[in-house]
Each structure stands twice: as C-alpha cells, then as structure tokens.
Amino acid sequence: MIKDQLTKNNTVGPNTREIEKLRKVFPHYFDKNGDFMIDRLKELLSSTDVEMRKEGYELKFLGKSYAKLLTSTETKTVLTPIIEHNTKGINAESKNVYMVGDNIDAIKHLLKSYSNEVDCIYIDPPYNTGKKDFVYPDTFEFSKESLAKSAGIEEDEAERILNMAGKSTHSAWLTFMYPRLLLARDLLKDEGVIFISIDENEHCNLKLICDEVFGEENFAGEIIWKNSSKNDQSYISMQHEYIIAFVKNKSMNSGEWTEKKEGLEEIFKAFEGFRQKHGDDWEAIHKEALEWYKQFPESNPIYSSKHYSWMDERGVYFPADISGPNYGQYRYDVTHPNTGGICKEPASGWRYPEETMKQRVKDNLIHFGKDETTIPNNKTYLVDTQFQSLTSIKYKDGRVASNQLNDLLGGKYFTNPKDVDLLCLLFKAIGLDKNSLIIDFFSGSASTAHAVMQMNAEDNGKRKFIMVQLPEAIEENKPAYQAGYRTIDEIGRDRIEKAAEKIKTNTNAGIDYGYKLYKLNTPEQKTLDKIVDFNPVEELVLGDMIDIFSFDNIPGKETILSTWLNEDGYGLCSKAERIKLKTYEADLHDGSLYIIEEGITSGDIMELIKKIENNELMISRVVVYPYSLPFNQSHELKKNIANLRQNKNITVIERY
C-alpha cells in the first residue's frame, strides 16, 4: 500500500519537493532528461523588470539540509479510523477531524486532500526554554553516510545533525519547525493566514524562518499578548508572549482586519446610569464620566475609550477634530448657538462645505465649547465606531484560560492553555466566514477546536477544524495521569467533548459538535521490507497483507481504505459505498472503485465490466490492492477494462 512512497524516499534529496513544484509550474524549462534549463529561465528574466541578485540574506542553521530533506520524503504512516468513535451519532456526520500522531506525518497526509483549502492555521509549538518543554524528537533513520548522501552534505555535518537527537539547541528547534512550516504553507489558500504563538526564546528565529517560508513581504504583523504579572526573573521579567501573523499571499488578502472594541457594554451601561441620575445635564454627565474612567488601568480595554466622555440624546460621543484636510479649502463664519459670537476657526479651515456644516449644526452633530473662543468639534459616536483595526497589544490574564479549562475538565490537568476568547478574536478579525477550515497541528488542550465551536454557536456557522496532536505520554506523578489521562491527546479530545456539551447546553445551537478520529500508525519494519521486496510476477503473497495494517483492533481494510480515500483527495470525512458485483463487494466513492479485500472471482470481474458498459456503475478508475488478487485475475481485470465497449476510458491503478 505504501511501496511507492518507500521507493521514492530512497531517491529524494533536500530540494526534491521544490524541484517538483518548478516542474509542475514550468514544465517547458525542463528537458527530456528532467534537467532544468536555467539559461532559458535567465533569458526570460532578462527580458523583464526582474532583478537577479547573487547576494541575499537567509537564516542558516545546523540541520537545514536535513529539514529540507524531510519535506521531500513521503510519510511511512497510514491512517487508521477509530470506527467505534466515528460511527457514534454525534460524530457520524461530523466534518471536524482529530488526528493522533506526529504532525509532520499528519501534514503530509493532509496535503493529499487539503492543499490550498485551509483558511487559517493557528499553532502553539513547544517553546524552547532549555527545559523539558522541547527536545528534538527525531530518532534519525539514517547512518552518518546515508544522511550525508541524501542531504548532500559532508559526513562531519551529518554526524553533528545526528547528535542533535534529544537536544534543545536553537538549531534543533529550527530543524524541528522548518519542515513543518514549509509543508503547512501549501495547506493554506492564497488568502490564508497563519498565527504562531511563541515566547522570547525563539521569537527572532521564528520570524526569520517564516520570512523565508512565507516571504518577508507577506508578514502581517505580530501581537504582544500580556498574559502574566510574574516578577520572579532576573534582569527583565517577561510578562508577555508573541503571536506572529503571516499571509500566504498579501495580494490576495485585503488586510482589512478589524476587531470589536472591548468593554463597550460596560461603558454604555455606565452612561445609562449617568443619564438616569443627571437627566439632560450633559456637563454633569461629562464630569462624572471623567471620574469613572479614572478607575481603569491602561491594561483594561475601557481605558482606550476614555475620550468618549460626552453624551447627548443620541448617545456617547467624543468631540473629534473638525479641521479641513486641505488647508484653507472651506472658510466661513460659524455662529455659537448660545453666545451668538463667531466661533474660532481651525487653522486649516473647516472640514465640511458651509451648507453641510449648517445642517450638522441644525442636527446637533457639532460639539460647541462654552463660548466662541473654543473651536467647535465634530461629534463621533461610540455606537458608530465599535470596530477598530486589529491592534498589536492584548491584555488577557493567562490564568483566565487556565481556570476555564480546569473548570471544564474538573482539575488542573494541562498548563498554559491558550485563551479561547483571544483565538475567537483573531479568527473574527481576519474575517473567517461561516464555512472556513481552521487547522491546529500543535493542538495541545484543543483551545482552537473550542474556539471554532464557540464561533459557530454564535452565528450558526459551519466552520470546520482539524486538530493534530502527538500522543505524548503523561508522567505518572502528574494530576492528569491520576485522573485517568495517559496521553496529551486524551486531554484535548476530552476537552472538545466537554466544551461541546457546555456550548450546547448554554446555546442550544444546532452546530457540528462531533469529530472524526484518526490515528497515524507505522507498520513494523519487517512489514515495510516485505512490501518493498514483493514482486507480483515472481512471488506468491505470503501471509495476510491486509491484516498487517490492523491497528487498535481496527480491521486492516479500513486503514487501507481511509488512507487511499485521503490520498485521492476525498478527505478524512468521506464515506465509501459498498457495491456488490456478483458475490464480491467493492468500495465506491465519487467515481473511484476500490478493490482491497481478497475473494474477487472471474465472475465478479465480468459483472463489473457489465455494470460499467451498461452505465450502472459510473466510475473513472479502479484502484486495486494487488496482494489480494492472484496475478491471473489481476491480468484479467486490466485486460477487460482496457477493452471496454463504447470507448469508455477507465484507469486501473495498482497500489502495493
């Protein structure tokens, strides 16, 4: 089933994936031998305004060639659907996905079905503090010599790379992150956005590799999240984290990212109280508002709206500048409504033509001072300015997210979860529509999934999430272990299920509360060797070649089918229909017929041909697991498919 992938892995180099992209986009720059004709490309570029530079700036680190090599190799894992979970009522029709396994393998699987399909990626990768939160996990299936050959490096460099296993150096962290980001970029739509949380230890390195992966020109900015008040560090006590944002292609994303100002409801409520107390005494309301705002520190979002300290019949407002943008364009006299005097004019003149100004005065949309010596102002109402550009500083105590998760799970089982409300704010700001797809491949406690469900409940959306989490073991002395959790993904999945229950109880929203569950499994090495060495012409199949893909008590056939459906672009939420031939049952999905299990006979093959020629079965290809078909029957199937009547064109694909 994965022979082609294994065979390919023996031939790839660090730049194979990039070369394949070039060949796909610029096939006319390759000759018949597959060699790139760079002179032809230079000739094209010389006739344009593109400047070719020999010098440039890039981040170099030990392991970069190996990291690139990882992006070119195929995954050796297969996708095992957890049938019992996936067939439960709440999950059976769900379009959400949770994948348990190494995220680099998961991303490689996802690229088969979700390339250029993802609207937003949010990740919170391990921080490299030099403690246990990050050590390089790769076990390196290479010798010094084989790595040097595959990555195109010297043996001494290969040896240093191999020695990174279990280390937490900057190079180790970069080698870990680089291939994941490089692959993840291809998941995003052109207008797609990626948010990455990070602390100060790798902040600058992360920015540099993202500049290289996504392009420096696609940097959208970064958010400072002040989430702590700790005061226990030497020199400078770090009380914040960063959230770096990149767009895949800025030319396809308008950048009109807005957020609703926080604290507005509290401001409106306070002014309602002032109005009840003072009636139409606007000056008294103004004085009390000024005193009321003084209680809020700069970290409180209400502080940012303290200039909205006036009120009239229409509501809360602030007196805004009314001077003209073009110096001296509009100059005329404006009479003060109380004194009858001519008001002082802005140095650059008025913003509006005289007739417009007269109408605004009549409509009480101009704020006048006590007398004509004060320049009037334009009334800007808070209700009309509830949204602002996404700002770069967020004050959200990290303990809030921790307490919410602790309450949900019934104990302190996960440290430093991300804030659901903050994630919702980011997702709303970039304008994720109701059908968006959001991925988090460092899922952790699954805050991202929680945020997606919360947003859907608010607007009856159909946003979908895909979570990926390594089944990282929990130490026996941890409260989570004592509560029954054995791996981190168990905490994340439990959080999704309990968050779904809570959201449904609180909102009764008719949204997708479930998820499909898959585990990434790696066949034993002897199985892989058997697959690679098998010759269908010369050898008989030895052993059950379906059962070798049985994991977690799930029949191997289900793993093969799920892996193939995803490989063929049908995704992880597709369902195959069982189609009976004569006595044999095959699996059908959207024009693809899968023959996986043993037992197909000549009679079944003839029935298949009959159904195709009679248009009872509308398919474009037949995908076969050759280990389940004797060579003679495989030959019979291919011969009959090749000689279909009515010039029907159906492809037979054999996957070893």
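Residues numbered from 1 in each chain as written. Predicted model: local features only at pLDDT ≥ 70, side-chain atom pairs only at ≥ 80, totals over all residues. Heavy atoms only, no water.

This brings us to the overall build of the chain. A tally of regular secondary structure across the chain gives 23 helices and 21 strands. By principal-axis analysis of the C-alpha atoms, the chain measures approximately 105 × 65 × 60 Å. A burial count over the chain gives 50% of its 656 residues as buried. Long-range contacts, defined as pairs at least 24 residues apart, comprise 74% of the intrachain contacts of the chain with a sequence gap of at least 6. Summing over all exposed atoms, the chain offers an accessible surface of approximately 33,100 Å²; the carbon and sulfur share of this is 47%. Across the chain, 84 positive and 104 negative side-chain charges occur, with their mean positions spaced 2 Å apart. (Helix = DSSP H or I, 4+ residues; strand = E, 2+ residues; numbered from the N terminus. Buried < 20%, exposed > 50% of the residue type's maximum accessible area, 1.4 Å probe, protein only. Contact = heavy atoms within 4.5 Å. Areas by Shrake-Rupley, 256 points an atom, 1.4 Å probe, with all protein chains shown as cover. Lys, Arg positive; Asp, Glu negative; His and termini not counted. Charge placed at Lys NZ, Arg CZ, Asp CG, Glu CD.)

Time to look at the packing of helix α17 (residues 447-459) against helix α19 (residues 488-507). Two elements in contact, α17 and α19, have axes separated by 9 Å at closest approach and are oriented at 20 degrees. Judged by the angle between their axes, α17 and α19 are roughly parallel. The element α17 and its partner α19 pack so that their crossing is right-handed. The segment α17 lies against α19, with Ser447, Ala449, His450, Met453, Gln454 and Ala457 engaging Arg495, Ile496, Ala499, Ala500, Ile503 and Thr507. Of the residues contributing to the contact of α17 with α19, the split by class is 7 nonpolar, 4 polar and 1 charged. (Axes fitted to C-alpha atoms, helices over the stretch in contact; angles between N-to-C directions. Parallel < 35°, antiparallel > 145°, perpendicular 65-115°, else oblique. Left-handed = near helix turned anticlockwise from the far one by under 90°. Nonpolar A, V, L, I, M, F, W, Y, C, P; charged D, E, K, R; others polar.)

Once that is clear, we can look at the environment of Met311. On the secondary structure map, Met311 appears in strand β8 (residues 310-312). By relative accessible area, Met311 is classed as buried at 9%. Distance in space between the C-alpha atoms of Met311 and Tyr127 is 48 Å, their sequence separation being 184 residues.

For the structure on display, the rule yields 1 cavity of 30 Å³ or more. In this structure, the largest cavity spans a volume of roughly 80 Å³. Around the largest cavity, the lining residues are Ile2, Gln5, Glu74, Thr75, Thr77, His109, Lys112, Thr563, Asn566 and Glu567. Looking at the lining of the largest cavity, the elements that each hand over two or more residues are α7 (103-114) and α21 (556-567). Tallying contributions element by element places α21 first for the lining of the largest cavity, with 3 residues. The residue inventory of the lining of the largest cavity, partitioned by class, reads 1 nonpolar, 6 polar and 3 charged. (1 Å grid on protein atoms, 1.4 Å probe; cavity = no way out; pocket = protein on both sides within 12 Å on 5 of 7 lines; lining within 4 Å. Points joined across faces, edges and corners; volume = space filled by probe spheres on them.)

In this section: the nonpolar core. Soluble globular proteins: nonpolar side chains tend toward being buried together. Grouped together as the largest cluster of nonpolar side chains are 62 residues, with contacts concentrated most on Met99, Leu110, Ile121, Leu181, Leu206, Ile209 and Phe441. A total of 10 residues in this core trace back to one element, the largest contributor, which is helix α10 (residues 170-185). Those residues in contact with Leu110 that sit more than four places away from it in its chain are Met99, Ser115, Leu187, Ile439, Ile466, Val468, Asn566 and Leu572. If you look at the next biggest cluster of nonpolar residues, it comprises 42 residues, including Tyr122, Ile243, Cys424 and Ala509. (Core = buried A, V, L, I, M, F, W, Y, C linked by side-chain atoms within 4.5 Å.)

What follows concerns α7. Because each turn of an α-helix spans 3.6 residues, side chains separated by three or four positions in sequence point in the same direction. Counting buried positions along α7 yields 11 of 12 residues, so the element is predominantly enclosed. Burial in α7 covers these residues: Asn103, Ile104, Asp105, Ala106, Ile107, Lys108, His109, Leu110, Leu111, Ser113 and Tyr114.

Spatially, β1-β16-β2-β15-β14-β3-β4-β6-β5-β13 is the arrangement adopted by the 10 strands of the open sheet, whose pairing is mixed. The two strands at the open ends of the sheet, each matched to only one other strand, are β1 (78-81) and β13 (393-395). Looking at each pair of strands side by side, their axes are set apart by 20 degrees on average, direction ignored. Relative to strand β6 (residues 240-247), strand β4 (residues 188-198) runs antiparallel, the two being bridged by 6 bridges. Across the sheet, the residue bridging to Ser197 is Ile243, located in β6. (Pairing = 2+ DSSP bridges.)

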